[in-house]
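Architecture and fold: a report
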Amino acid sequence: MNSIRVRLGVLGLALLTGLTVPTAAGAAEAAPSPTVEEQRLDRAVPREILRRSGFDTAAPGLARALDESRSYGEARRAVTREGTELWRRAVDRAQGRGPAGGDLSRDDDRPLYWARLGMTREVRAWEPEFGLTDGQRAALLDELERTSRGQTAIRYPHGKGLKRILVTGFDPFTLDRDIRISNPSGATALALDGTVIETADGPARIETAVFPVRWRDFTDGTVERTLRPHLKKVDLFTTVSQGRVGRFDVERTNGAWRGGFADNDNIGRTETVPVTDPASQPQWTTTTLPYRAIVAADTGRFPVYDNTGVTEIPAGGTEPVVRPEGPTPGSTARAGGGGDYLSNEIAYRATLLRDRFGLHDVLPGGHVHTPVLQFGAGNTTEVTDPEFVRNRLDIITQVRTILRVAAEES
């Protein structure tokens, strides 16, 4: 046994720290404590979701692979393998391939979320005999995050006659309000990854990735690192997140402002969105999705709106003003159409990257907010119910139709 672990339940919480062995690179640091996000794993709902999907085996599997590693290189390969397999397993489950692993509906995005946290907690707690520096542990965690979110698996077939669509989703969030929450954008990413939709102009291949609900990851450039290799090659992209009750919104304008709402680690940020080359940073970016066609089309049971509103500080002013028709010249952003949280920020970052590539006039891209995914009436304790599943499936189907309309109009 070449690691020191004490597990709490299946997923484990490291209680012993500081027992490290110096390495050639210097003394290894003690394993850090679990994050706020990881600590929620010990509650009943995450354990039930993992058990009822069969994903409760993911974290122990990674733990065994780490225990068998005799060097940092072996550990890195194990993390890459297990993270990649987790994403593929979640996609396969969502798309009906292989065993369901339990009675939880296949369209559920939550097994991936909670299994990933179990795996990151294992990496955070791991103390190998050969020693591990803070930098090495951070690199393992980064590799696990990227591979298990599909961020390293975006691949399009070569050849002509096939449109390429890139879609992103998010983890569940506001889990201290209701830990049962699912995010329909993440479920959509799993359901559509690698699929082909038939359009009037021919087939279109969809590739997807999921992003964390954490300010620090966005500050560190996770969006740009994932999208940069692909934006010049795709024909259409849309970032997707959960938005308002009972409606879809195509967000017309995105703002360069963080409003301070707490993320999944209960950390808030109130500041201008931090990007490279801030001297050339605009206050606003705009969608280039064919929003008029999307709104006019019959895409599903939920109404779809062209959302033009923003909140700004007008040029020369000091107080925020709501502008239903969009920003005025010279104003400072305080909220885009999608608000001032990470959904607005991913839209801002993706469209800013599009514009910095010089693709504003040729690449359709922007943000779509889905309806809030609601449980059935009266369900305040169960992790699922028929209406909850129906709502999620209907949202997934409608996003797919919106993508088809957008592809045909682009």
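Now for a look at the structure at hand. Fair warning: this is a prediction, and the values are worked out from it, not measured in the lab.

This part is about the packing of aromatic side chains. All told, the structure shown has 9 aromatic pairs when counted by the stated rule. Note on W126 and F130: the rings are 5.7 Å apart at their centroids and 75° apart in plane angle, and the pair reads as edge-to-face. Given the relative accessible area of 22%, F130 is considered partly exposed. Three or more aromatic residues link up through ring pairs in this structure, and these residues are F173, W215, F261 and Y341.

So, on to the nonpolar core. Nonpolar side chains in soluble globular proteins tend to end up buried together. The biggest cluster of nonpolar side chains holds 35 residues, and the ones touching the most others in it are W114 and V123. Elements supplying a minimum of two residues to this core: α2 (44–51), α3 (58–67), α4 (72–94), α5 (110–125), α6 (134–148) and α7 (184–192). Per-element accounting of this core gives the leading share, 7 residues, to α5. Listed in part, the 26 residues of the second largest apolar core include L192, V304, I395 and A407.

Read across the open sheet, the 7 strands follow the order β2-β3-β1-β4-β14-β5-β10; overall the sheet is mixed. Where the open sheet ends on each side, the last strands, each with one partner, are β2 (196–199) and β10 (304–307). Each strand axis lies, on average, 25° off the axis of its neighbour in the sheet, ignoring direction. Relative to the sheet, α7 contacts β1 (163–170), β3 (202–211), β4 (236–242) and β14 (365–370), its axis offset from that of β3 by approximately 135°. Packed on one face of the sheet, helix α12 (residues 386–409) meets β1, β2, β3, β4, β5 (248–251), β10 and β14 and runs near 50° to β2.

This paragraph deals with α7. Most of α7 sits out of view: 9 of its 9 residues are buried. Along α7, the residues that are buried comprise P184, S185, G186, A187, T188, A189, L190, A191 and L192. Immediately beyond the C-terminal end of α7, within one or two residues, lies G194, with a positive phi of roughly 75°.

This part is about the sheet that holds strand β13 (residues 332–335). Spatial strand order, β12-β11-β13: 3 strands in an open sheet with antiparallel pairing. Looking at which strands have only one partner, the edges of the open sheet turn out to be β12 (321–323) and β13. For this sheet, the mean angle separating the axes of adjacent strands, direction not counted, is 40°. In this sheet, β13 lies alongside strand β11 (residues 310–313) in antiparallel orientation, the contact comprising 3 bridges. Residue I313 lies in a different strand from β13, and its bridge partner there is T332.

This model, assessed by the stated rule, comprises 37 salt bridges. Between R214 and E145 there is a salt bridge whose closest N-O contact spans 3.1 Å. A residue pair is termed long-range when its members are at least 10 positions apart, and R214 in the loop between β3 and α8 (215–219) and E145 in helix α6 qualify at 69 residues. Each member of the pair R214 and E145 is classed as buried. We note a salt bridge from K163 to D201, for which the minimum N-O separation is 3.7 Å. Of this pair, K163 sits in strand β1 while D201 is found in the loop between β2 and β3, placing the two residues 38 residues apart along the sequence. Through salt bridges that share partners, E37, R116, E145, R149, D171, R214, R216, D217 and D265 make up one connected network.

By the element assignment, R93 lies in helix α4. Given the relative accessible area of 3%, R93 is considered buried. Ignoring anything within four residues of it in the chain, the contact list for R93 reads R52, S53, F55, A100, G102, L104, S105 and R106. Within the structure, the side chain of R93 is placed 2.6 Å from the backbone oxygen of L104, a separation counted as a polar contact.

Definitions and cut-offs
- Residues numbered from 1 in each chain as written.
- Predicted model: local features only at pLDDT ≥ 70, side-chain atom pairs only at ≥ 80, totals over all residues.
- Heavy atoms only, no water.
- Phe/Tyr/Trp six-rings, centres within 6.5 Å; stacked < 30°, edge-to-face > 60°.
- Buried < 20%, exposed > 50% of the residue type's maximum accessible area, 1.4 Å probe, protein only.
- Core = buried A, V, L, I, M, F, W, Y, C linked by side-chain atoms within 4.5 Å.
- Helix = DSSP H or I, 4+ residues; strand = E, 2+ residues; numbered from the N terminus.
- Pairing = 2+ DSSP bridges.
- Axes fitted to C-alpha atoms, helices over the stretch in contact; angles between N-to-C directions.
- Contact = heavy atoms within 4.5 Å.
- Salt bridge = Lys/Arg side-chain N within 4 Å of Asp/Glu carboxyl O.
- Polar contact = N/O pair within 3.5 Å; in protein donor to acceptor, adjacent residues only side chain to side chain.

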